[in-house]
Amino acid sequence: MIKNINLIIISLYLNKYVTITKGIIFPFYYSINKNKNFTSIEHNLIISYYDKNIFYLFLEIGTPPLNLSLTLDDSDSNFIMKDDSCLFNNDYSIFKSSTFRYDQGLNYLYINYELKTILNNTKDKIYLNQIEEKPDKIVINDFNFLYLPNKEEIKQIHKYNNNINNSINFNPKCGYVGILPKELNKESIYEKNNFFYQLKKKNIIDNYYWFIHYDENKKGEFIIGITPHEVYPDKFLEDDLYMTHAKLIDDKFIWQIHFSSIEILNSNSNNKINKIYLGNNNGIIQFSNNYIHCPKNYFDNITSIYFQKYLNRNMCTKNYIHKNNIRYNTIYCFRKNFTENELKAFPILILNCNGLNFVFEFNYDDLFLKTDSIYIFKIIYN
């Protein structure tokens, strides 16, 4: 969606990851909502598009080494194992590993403002493969993570006076890698349970950089501890690298960009270009979302400039979806009478970022999901 950067989302299954100097490269995978049947216009099918995407990778953990799939979590900063609907069945369980360690008993911790029960100071061994010329694996013997037992496990732990033993059946958990920076006043928790911090503290990486890359063969990579031009000097230039900072919002650091100006570039029937200036605003990056959430006045301007005539002729329709008890306004158009020519007439949406010295431009190809029967507009508001 950003010009000059080709992001191609795929879903493959590999189980190798390598390091370049002190950078780590994980094969990176993507799963969209499994409901692909858009042959009829049903409200639940529209809703399914707005479900969160799942981004994940794999590593080996424990003794013997067992597979653990990890979902990238853009709402937290911790490495967590918990009960959930896992995308893949994981092999790792704490009682399958002879190197799993913990401090006796349970503890309590606020995670995303909810009080959770955790095992005390859980840790195990993890393995990171090096480049092919160096077949020896990097081994971290005391990798910390948060382990959230379920209600039945907690009941059994209390039964055995806060000890865990072979009488308790600990089920495999889903793994999550929090990619947010640390929260204020929680340095000790962050230092213990953040994936990036632990790698840097153990000198496996030299910094906290990470980025997502898709190559010419449509393979995704999650790259940690190194810049794009260091990994792919023939593809990226150091002069093109711009640095910015996460912003502090409600005691959390968020990936936020300030847009110095927001404009709509519109071509009318006389081919005259009009720029409509809509002030400035901030954008928050949540890459697990398919859509762009905007203010009402922005949505109303786009509707007035482009969609209204198609809405009047029933070529497009407005609809509502409810997520977390919030009603969102959406638009989709019917392909039986809304053609590619109408689609290509969509104006260019411009977001200027002076801080990054970059202009983000979005056109019709970026902003509509094409299905068998409808075009879903990717911008919504509540």
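Residues numbered from 1 in each chain as written. Predicted model: local features only at pLDDT ≥ 70, side-chain atom pairs only at ≥ 80, totals over all residues. Heavy atoms only, no water.

Engineer: What's the story with the sheet that holds strand E21 (residues 326-334) in this structure? I'm lost.
Structural biologist: Two orientations exist for strands paired in a sheet by backbone hydrogen bonds: parallel and antiparallel. Read from one edge to the other, the open sheet built from four strands follows the order E20-E21-E25-E24, with strand pairing classed as antiparallel. Each edge of the open sheet is held by one strand with a lone partner, namely strand E20 (316-323) and strand E24 (368-370). Taking each pair of neighbouring strands and ignoring which way they run, the sheet shows an average axis angle of 30 degrees. The sheet contact formed by E24 and strand E25 (residues 374-377) spans three bridges and is antiparallel. Its bridge partner lying in E25, Lys 370 is registered against Tyr 375. Contacts from helix H6 (residues 296-312) reach E20, E21, E24 and E25, with the element oriented near 130 degrees to E20. (Pairing = 2+ DSSP bridges. Helix = DSSP H or I, 4+ residues; strand = E, 2+ residues; numbered from the N terminus. Axes fitted to C-alpha atoms, helices over the stretch in contact; angles between N-to-C directions. Contact = heavy atoms within 4.5 Å.)

Engineer: I keep staring at the state of the cysteines and nothing clicks. Help me out?
Structural biologist: Think of a disulfide as a covalent bridge from one cysteine sulfur atom to another cysteine sulfur atom. This model, assessed by the stated rule, comprises two disulfides. Covalent S-S linkage joins Cys 86 and Cys 174, the inter-sulfur distance amounting to 1.7 Å. The sign of the S-S torsion, about -105 degrees, decides the handedness of the disulfide formed by Cys 86 and Cys 174: left-handed. Here Cys 86, found in the loop between strand E5 (79-82) and strand E6 (101-111), pairs with Cys 174, found in strand E10 (residues 174-178); they are 88 residues apart in sequence, far enough to count as distant. Judged by its relative accessible area of 31%, Cys 86 is partly exposed. Of the residues examined, Cys 174 reaches a relative accessible area of 3% and is grouped as buried. Disulfides within the chain link the bonded cysteines, taken in sequence order, as 1-2, 3-4. (Disulfide = S-S within 2.5 Å. Buried < 20%, exposed > 50% of the residue type's maximum accessible area, 1.4 Å probe, protein only.)

Engineer: Would you mind showing me how to read the environment of Phe 170 here?
Structural biologist: Checked against the element boundaries, Phe 170 lands in the loop between helix H2 (151-159) and E10. Expressed as a C-alpha distance, the spacing of Phe 170 and Glu 152, which sit 18 residues apart in the sequence, is 9.3 Å.

Engineer: Looking at this structure, how should I read the pattern of salt bridges?
Structural biologist: As a working rule, side chains carrying opposite charge can pair if their charged atoms are close by. Following the criterion strictly, the structure yields eight salt bridges and no others. With a closest N to O distance of 2.8 Å, Asp 83 and Lys 173 form a salt bridge. Separated by 90 residues along the polypeptide, Asp 83 in the loop between E5 and E6 and Lys 173 in the loop between H2 and E10 bring together distant segments of the chain. Among the charged side chains, a network of salt bridges with common partners joins Asp 83, Glu 153 and Lys 173. (Salt bridge = Lys/Arg side-chain N within 4 Å of Asp/Glu carboxyl O.)

Engineer: Looking at this structure, I do not really get the nonpolar core. What am I missing?
Structural biologist: Nonpolar side chains tend toward joint burial in soluble globular proteins. Membership of the largest hydrophobic core comes to 40 residues, with the highest contact counts inside it found for Phe 26, Phe 79, Leu 119, Phe 145, Phe 195 and Phe 222. Discounting chain neighbours no more than four positions away, the residues touching Phe 222 are Ile 24, Ile 25, Phe 26, Phe 28, Leu 57, Leu 72, Ile 179, Phe 196, Trp 210, Phe 211 and Ile 212. If you look at the next biggest cluster of nonpolar residues, it comprises 33 residues, including Ile 257, Phe 299, Phe 360 and Ile 379. (Core = buried A, V, L, I, M, F, W, Y, C linked by side-chain atoms within 4.5 Å.)

Engineer: What's the story with the layout of surface pockets in this structure? I'm lost.
Structural biologist: In this approach, a probe sized like a water molecule rolls over the atoms, and the result shows the empty space that is left. Considering only enclosed or pocket space, the second largest pocket measures out at about 480 Å³ in volume. Residue lining of the second largest pocket: 18 residues in total, with Lys 82, Ile 111, Glu 114, Lys 116 and Leu 148 positioned closest to the centre. At the level of elements, E5, strand E7 (114-128) and H2 are the ones that each hand at least two residues to the lining of the second largest pocket. The element contributing the most residues to the lining of the second largest pocket is E7, with three residues. Grouping the amino acids of the lining of the second largest pocket by side-chain chemistry returns six nonpolar, four polar and eight charged. (1 Å grid on protein atoms, 1.4 Å probe; cavity = no way out; pocket = protein on both sides within 12 Å on 5 of 7 lines; lining within 4 Å. Points joined across faces, edges and corners; volume = space filled by probe spheres on them. Nonpolar A, V, L, I, M, F, W, Y, C, P; charged D, E, K, R; others polar.)

Engineer: Looking at this structure, I do not really get H6. What am I missing?
Structural biologist: Taking 1.5 Å as the rise per residue, H6 with 17 residues should run 24 Å; its terminal C-alpha atoms sit only 20 Å apart, a clear shortfall. At Tyr 306, H6 shows its largest kink, close to 60 degrees. Of all the residues in H6, the buried ones are Tyr 298, Phe 299, Ile 302, Thr 303, Tyr 306, Phe 307, Tyr 310 and Leu 311. Following H6 by one or two positions, Asn 314 adopts a phi angle in the positive range, close to 60 degrees. (Expected span 1.5 Å × (residues − 1). Bend = angle between axes of the 7 residues up to and from the residue.)

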